[in-house]
Amino acid sequence: MADNLAGQGQTDEAGALFEHLCSYASPLGLLPEQIDPSDGSFLGNFPQGLSHVGLLSTAVVLARTQRGIQPEMSTEAWFRH
């Protein structure tokens, strides 16, 4: 969702959503497979590698957007400067 918002130019909303997601991480910075929206409890596998890949991908999208670069929604963008 944050990627989509960034792609639409709604960078403030995207950044806020990203920060909110990061606030759910465990004290070690780990994320589960799912988070219960009603109480924030962790569900599914923990830690979940794919959750971290998505988080890193969104961080790249937001960083590129902040630099004035149109975000690309693919991992290919990770390797460009």
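Details of the structure are given in the entry above.
Residues numbered from 1 in each chain as written. Predicted model: local features only at pLDDT ≥ 70, side-chain atom pairs only at ≥ 80, totals over all residues. Heavy atoms only, no water.

A. Main features of the overall build of the chain. When helices and strands are counted, the chain shows three helices and two strands. Sequence-ordered secondary structure for the chain, helices as α and strands as β, is α-α-β-β-α. Counting the 81 residues in the chain, one finds 26% classified as buried. Across the chain, the fraction of contacts at a sequence separation of at least 24, relative to all contacts at a separation of at least 6, is 28%. Carbon together with sulfur atoms contributes 58% to the accessible area of the chain, which is approximately 5,400 Å² in total. (Helix = DSSP H or I, 4+ residues; strand = E, 2+ residues; numbered from the N terminus. Buried < 20%, exposed > 50% of the residue type's maximum accessible area, 1.4 Å probe, protein only. Contact = heavy atoms within 4.5 Å. Areas by Shrake-Rupley, 256 points an atom, 1.4 Å probe, with all protein chains shown as cover.)

B. Quick look at the environment of Gln66. As for its position among the elements, Gln66 is in helix α3 (residues 49–66). Its relative accessible area of 71% is what places Gln66 among the exposed residues. Taking the C-alpha atoms as reference points, Gln66 and Ala6, separated by 60 residues in sequence, lie 9.6 Å from one another.

C. The arrangement of the side chain of Thr58 in detail. If you trace the backbone, Thr58 turns up in helix α3. Ignoring anything within four residues of it in the chain, the contact list for Thr58 reads Ala2, Asp3 and Phe18.

D. The side chain of Ser26, seen in detail. On the secondary structure map, Ser26 appears in the loop between α2 (11–22) and β1 (34–35). Owing to a relative accessible area of 16%, Ser26 belongs among the buried residues under this scheme.

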